[in-house]
Amino acid sequence: MNAITPHYRTVQQLLQSQSFAIDEYQREYKWEKKNVDELISDLLDKFETSHREGDSTAAVANYEEYFLGSIIVSRRNNKNYLIDGQQRVTSLTLLLIYLYREAQSEGLPVTATLAPLIFSDNLGQPRFNLDIPERLAVIEALFKGVSFSPDGKDESVRTMYARYADIEQNELIAELGEALPHFAYWLLTRVGLIEIATANDNYAYAIFETMNDRGKPLSPVDMLKAYLLAPIDDAEQRRLANDKWKKEVLDLLTFGKEQEADRDAACIKAWLRAQHTETIRDRKAGATDRDWELAGTVFHRWVRDNSTRLGVGSQQGNLTWVTQDFPFFAQAYKQIVAASATYTSGLEAVFYNAHNEFTWQATVLLAPLMPTDDAETVRKKIAATATYLDIWLMRRAVNYIRVGYSSTSYAMYLLCKDIRRKPLAELVQVLTDNLAVDDVTFRGSVQRGRGGINKLELTQFSRRYIFHLLARITAFTDAGSGRPDPFPSLVDRNQKNSYDIEHIWTSDYALHAGVFASQQEFEQLRDTVPALLLLPADVNRSLQDQPYSYKLQKYATHHLYPASLAPGTYANQPQFDAFRSRHVLPFKAHAAFGKSDWAERQRLVTELVELIWSPERLKAYLP
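Residues numbered from 1 in each chain as written. Predicted model: local features only at pLDDT ≥ 70, side-chain atom pairs only at ≥ 80, totals over all residues. Heavy atoms only, no water.

## Some remarks on the packing of helix α3 (residues 86-105) against helix α5 (residues 136-144)
Two elements in contact, α3 and α5, have axes separated by 9 Å at closest approach and are oriented at 25°. By the angle between their axes, α3 is roughly parallel relative to α5. Contact residues: α3 offers Leu94, Ile97, Tyr100 and Arg101, while α5 offers Ile139, Leu142, Phe143 and Lys144. For the contact of α3 with α5, the class distribution of residues is 6 nonpolar, no polar and 2 charged. (Axes fitted to C-alpha atoms, helices over the stretch in contact; angles between N-to-C directions. Helix = DSSP H or I, 4+ residues; strand = E, 2+ residues; numbered from the N terminus. Parallel < 35°, antiparallel > 145°, perpendicular 65-115°, else oblique. Contact = heavy atoms within 4.5 Å. Nonpolar A, V, L, I, M, F, W, Y, C, P; charged D, E, K, R; others polar.)

Encoded structure:
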């Protein structure tokens, strides 16, 4: 008889010198940024309920535990095959690699404890503990901290690389400070899973099907529905309310190209946080969760515990929530999700923020809405708030200020309260005023010691934002000159020949030695925005070692922004002429590209950025 053995394993026990494989027919690694952000946020919140400044690392043994759920493993051919759990195990591995590299850079003893959970020696043969052949290259590159290009790789590899970048930008290390080793030891020894193991594939899949098809516990969405329907005494009203709720949930789960299993819960969390939270956990060790955190986790319980303030618990109050409020906010949420996935006229800023992977967008965009708003008012409020976020985010990105899930949570809580249920005109005024007093601008931030757009260089942090910025400049120039708006194409990483960042100057300093004061100056300026363009990947690769005179011929055949370097672009282009004149933009051709040309291009970039992300855009949404 085949044994089925469930065991509780800490992360260390699960991964210590043990590897996991998956079958070829298993689905890809598909976790999104929001999943990684929520995992890290949950882990950090639980850790901070126990940790106190000054704790010894030995004190971690008494910290509260955190349960990550269960995984199902089939043991065959001396390998462990993950039947269920690859999303969590892969994400956990990426987080461990990140902690390992950070601990290694700081020379912390925990480095030696983390390493065997990622990489082990198998009788003299090196082996990564996530033993999936097509994914080994990206894991090895991340583990060793060497460069890696995900272009052309399969979906899982691209997703893993992107999620690791999200972990890097999550502000976890900044949040932890000197508590980094405490967090690492806590993660290894106080965070665990149930490992259900069997030596028979049929048993493993039977367990998987049973856990996913039968006997599933009620979800928080189900429990919230039950609580809201319970006080409705009239059987017909309760039936109609139940039908209405079920329809809205089904629509949330199934609409659009990409169906998501938890979109109903995500919508409710966003709605409750945006419209009803009044408190947030104090930003200090040992603080407990409050409205903002609870509405994003145990929202069914939070609604019940705050029923009086929320206006629920009675038949009429609950009917209003089920038949009016929930349908209204679900519809708005779907509108936001759709505009995040598809470039939509009038809601372009929603797409921009989604491309920048700003996880809090849906929550904030629901905050100013009221169920009495008509469709046009809803659209304008969403567009105005998304425009504000677009400007706010990019101001910070060009100043190297992190805008990840954890680092912006408090600011977004305050913003939701600031704009909650505001009439359109008042909303626009509040957003305009906020930008006017914002210390962070594209010119820099004196208070934070940042340099702004003129100091922005390609780094691991800034690459994604520079790519976005170049795409916006390119699209703005084309669209302003009467051409189709190419932004969705410029940022589509799934198309066959996607766009890459092109360096105008080749990497060989010897070719430019007489132009720059030093090699350091050359390398620094080469990575700044005025010396960068977006071009299709095949063109980019073909130009790498070519002189500027040759590159210029190729630039002339592409979008107007790169083509504007070439003299021929300015002939017979009346709409481009009108665009430049209308905005008084210092476009000019550069037959050669030296330091003075770079300086002129820098002035152009600065004026374009100030124009594209101008707070004046908000006036377009006034009633």
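## Section: the packing of aromatic side chains
Summed over all chains, the structure comprises 37 aromatic pairs. Considering the side-chain rings of Phe328 and Phe329, the 4.9 Å spacing of their centres and the 90° angle between planes classify their relative orientation as edge-to-face. Here Phe328 and Phe329 have matching classes, each one buried. Members of the aromatic cluster, each reached through a chain of ring pairs, are Trp245, Trp271, Trp321, Phe326, Phe328 and Phe329. Stacked on the ring of Trp292, the Lys or Arg Arg273 has its end atom at 5.2 Å from the ring centre. (Phe/Tyr/Trp six-rings, centres within 6.5 Å; stacked < 30°, edge-to-face > 60°. Buried < 20%, exposed > 50% of the residue type's maximum accessible area, 1.4 Å probe, protein only. Lys NZ or Arg CZ within 6 Å of the ring centre and 35° of its normal.)

## Quick word on unusual backbone geometry
Look at Arg421: it is not a glycine, yet its phi comes out positive at around 55°. Here Arg421 is to be found in the loop between α20 (405-419) and α21 (424-436). Even without being glycine, Val584 reaches a positive phi, approximately 50°. When you line up the elements, Val584 lands in the loop between α28 (574-583) and α29 (595-612).

## A short note on empty space enclosed by the protein
All told, the structure shown has 1 cavity of 30 Å³ or more when counted by the stated rule. Approximately 60 Å³ is the volume attributed to the largest cavity. In terms of lining residues, the largest cavity is bounded by Lys33, Gln169, Asn356, Glu357, Phe358, Leu393, Val403, Gly404, Arg464 and Tyr465. Partitioning the lining of the largest cavity into residue classes produces 4 nonpolar, 3 polar and 3 charged. (1 Å grid on protein atoms, 1.4 Å probe; cavity = no way out; pocket = protein on both sides within 12 Å on 5 of 7 lines; lining within 4 Å. Points joined across faces, edges and corners; volume = space filled by probe spheres on them.)

## Section: the pattern of salt bridges
Between side chains of opposite charge, a pair can form as their charged atoms come close. Under the criterion given, the structure shown has 35 salt bridges. Across the salt bridge formed by Lys334 and Asp251, the nearest N and O atoms sit 3.8 Å from each other. Taken as a pair, Lys334 in helix α16 (residues 315-341) and Asp251 in helix α11 (residues 235-254) lie far apart in primary sequence, 83 residues in all. Classification of Lys334 as buried rests on a relative accessible area of 11%. In this structure, a network of salt bridges that share partners links the residues Asp45, Glu48, Arg281 and Asp289. (Salt bridge = Lys/Arg side-chain N within 4 Å of Asp/Glu carboxyl O.)

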